[in-house]
Each structure stands twice: as structure tokens, then as C-alpha cells.
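Architecture and fold: a report
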Amino acid sequence: LAVVLLALSGCKPAAKEAGPQPVAVEVAKVTRGDIQVTSTLTGRVEAETEVPVPAKLSARVVAVRVRVGGKVEAGQVLVELDKKDVAEQVRQAEANLKVAEASLPPASGESAAAAGARVALESAQADLKRIESLKEQGLASEQAWEQAKARAAGAAAQYQAVLDQERAAQARYEQAQAALELARSQLENATVTAPIAGVVASLPVQAGQTVGPGALVATIVNMERVKIEVNVPEKDVVHLKEGQAAE
């Protein structure tokens, strides 16, 4: 009896094996709708407006006032060039203009020199006419007539010379004015400014460097409107349409 009880006590019922866990599902009614297909693409961004800024005179760079990537306004100073030489040109041009102005004839009327030469010419012509009349009457010699004719011709040449000198003086004054305007323009060009508002894309100069006319000192881009160039896989091309929005 004891053996049977021990045998029975050593036997236990087998544990029940665990089955698969239930999976939660959501049931929905089948409907028609649009399927949105998106593609992520990489590309290159370019500004729609890009303006190169060249130097307009030959000079040494004394200061760079902006940095690459910085925002600038139209008219803002980008680079300053050495003004010493062009400032001296302005002073010389101003002096030349004063000298030319001193030789100008009056703005209205005639100058004293022109008036004197004109009166002398009129007198010589009247004298010639008088002697010609006397000569026709046999009261003046051929020699007197020749002398009067020579005086009239000389007076005419003198009057014309005065007029030519005054025209030349006027021309020198206008040339001096143009030279001063050019010198002042060059002085302004020593300060390089931004032609448009935007971002500094390049700045290939530094202080101490000498630049010449036409040398690139900066590039300004307007990033308000940009162009993006991307490579689209062939499988996605069929989904693209002109004017389609992109983010």
C-alpha cells in the first residue's frame, strides 16, 4: 500500500500548452478614394537672379565690408578701394576747370575783345568803301585803295581770330567739365556697392589685393525666387505635370 501511494504521489497531470495570441484587427468598409504618391528627391538650388559686381577702376582693396552668406541691401557698401589717386585727380580737374572758366567769354553779349575787333573791322570796311568811291572818281590812288583793302582784310582776320579763340575757350571749358565729371565718377567707383538686395554668394577679394577694371569683387543673389534642378527616376516621371506643386 505504501508503494502504491508513493507511485501515485509522483505522477502529476501534464501542463496545458499555450496557443497563439489573438491579433487585434480593425474592420472598415471598402470605399473608393485617391492614393497620394510622394517622392523625396535631391537637387541643386539656384537663385533666379544672380548679379556679378565688378570693379570699375584699378586700385588697391582697403576694406571688405561684408561676408559670404551675409544679407545686403541695395546700395550697401561691399568693398572700398584706395581713393588717394582718384581724389587727387578730382582736385586737379577742379583746378583745370577754374582756369578754363576764367578764359570764357561772357555768357550773354560779346566780350570786350570781340567788340573791339568788330568795331575795328567795321571802321576798316567803311574806310575801304570810301576810298573805293574816291578811286572811281579819280580822287584816290591805286596804292591808297590797296592799302585800305589790306587793312580791311587784316581787321576781318583779327575779328575772326578773336571769335575762334573764344570758341576754343568754350571747348576747353566743356572738356574740363567732362574731365571733372569723370574724375568724380571714378571717386564714387572707389566705393563698390550692392546693385540689388540679396545675399553675398561670392567675395573673391581681400584687403591689400589690387583689382583692375572688370575684376569680379562680389556676386549678389536674390533668393526670394529660386530654381531647383532635380533628377527624377523614370518610374516617377509619369506622375509629374507642368505647374504641379512641390514642397
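So, a few notes on the structure that sits alongside this text. What you see is a predicted model; the values in this text were computed from it and never measured. (Residues numbered from 1 in each chain as written. Predicted model: local features only at pLDDT ≥ 70, side-chain atom pairs only at ≥ 80, totals over all residues. Heavy atoms only, no water.)

Remarks on the side chain of Thr-219
With respect to the secondary-structure elements, Thr-219 resides in strand S8 (residues 216-230). At a separation of 2.8 Å, a polar atom in the side chain of Thr-219 contacts the side chain of Ser-202. Beyond its immediate chain neighbours, meaning those up to four positions away, Thr-219 contacts Glu-50, Val-51, Pro-52, Val-199, Val-200, Ala-201 and Ser-202. (Helix = DSSP H or I, 4+ residues; strand = E, 2+ residues; numbered from the N terminus. Polar contact = N/O pair within 3.5 Å; in protein donor to acceptor, adjacent residues only side chain to side chain. Contact = heavy atoms within 4.5 Å.)

Thoughts on the environment of Glu-229
Assignment of secondary structure puts Glu-229 in strand S8. Through-space distance from the C-alpha of Glu-229 to that of Val-45 is 6.6 Å; in sequence the pair is 184 residues apart. When neighbours within four sequence positions are excluded, Glu-229 is seen to be in contact with Gly-43, Arg-44 and Glu-46.

Digging into the packing of helix H2 (residues 84-102) against helix H4 (residues 142-189)
Put simply, H2 and H4 touch, their axes get as near as 8 Å, and they point 160 degrees apart. Relative to H4, H2 is oriented roughly antiparallel. As for the relative orientation of H2 and H4, their crossing is left-handed in sense. Facing Val-86, Ala-87, Gln-89, Val-90, Ala-93, Glu-94, Asn-96, Leu-97, Ala-100 and Glu-101 of H2, the residues of H4 in contact are Arg-172, Tyr-173, Ala-176, Gln-177, Ala-179, Leu-180, Ala-183, Arg-184, Gln-186 and Leu-187. Class assignment for the residues of the contact of H2 with H4 results in 12 nonpolar, 4 polar and 4 charged. (Axes fitted to C-alpha atoms, helices over the stretch in contact; angles between N-to-C directions. Parallel < 35°, antiparallel > 145°, perpendicular 65-115°, else oblique. Left-handed = near helix turned anticlockwise from the far one by under 90°. Nonpolar A, V, L, I, M, F, W, Y, C, P; charged D, E, K, R; others polar.)

As for H2
If you check H2, its first and last C-alpha atoms are 28 Å apart, about what 19 residues at 1.5 Å a residue would give, namely 27 Å. Along H2, the positions that sit buried rather than exposed are Val-86, Ala-87, Val-90, Ala-93, Leu-97 and Ala-100. Projected onto a plane normal to the axis of H2, the buried residues spread over an arc of 140 degrees and lie on a single side. In H2, the exposed positions that point more than 90 degrees away from the buried face belong to Lys-84, Asp-85, Lys-98, Val-99 and Ala-102. Here the buried face of H2 lies against H4. (Expected span 1.5 Å × (residues − 1). Buried < 20%, exposed > 50% of the residue type's maximum accessible area, 1.4 Å probe, protein only. Arc of directions from axis to C-beta.)

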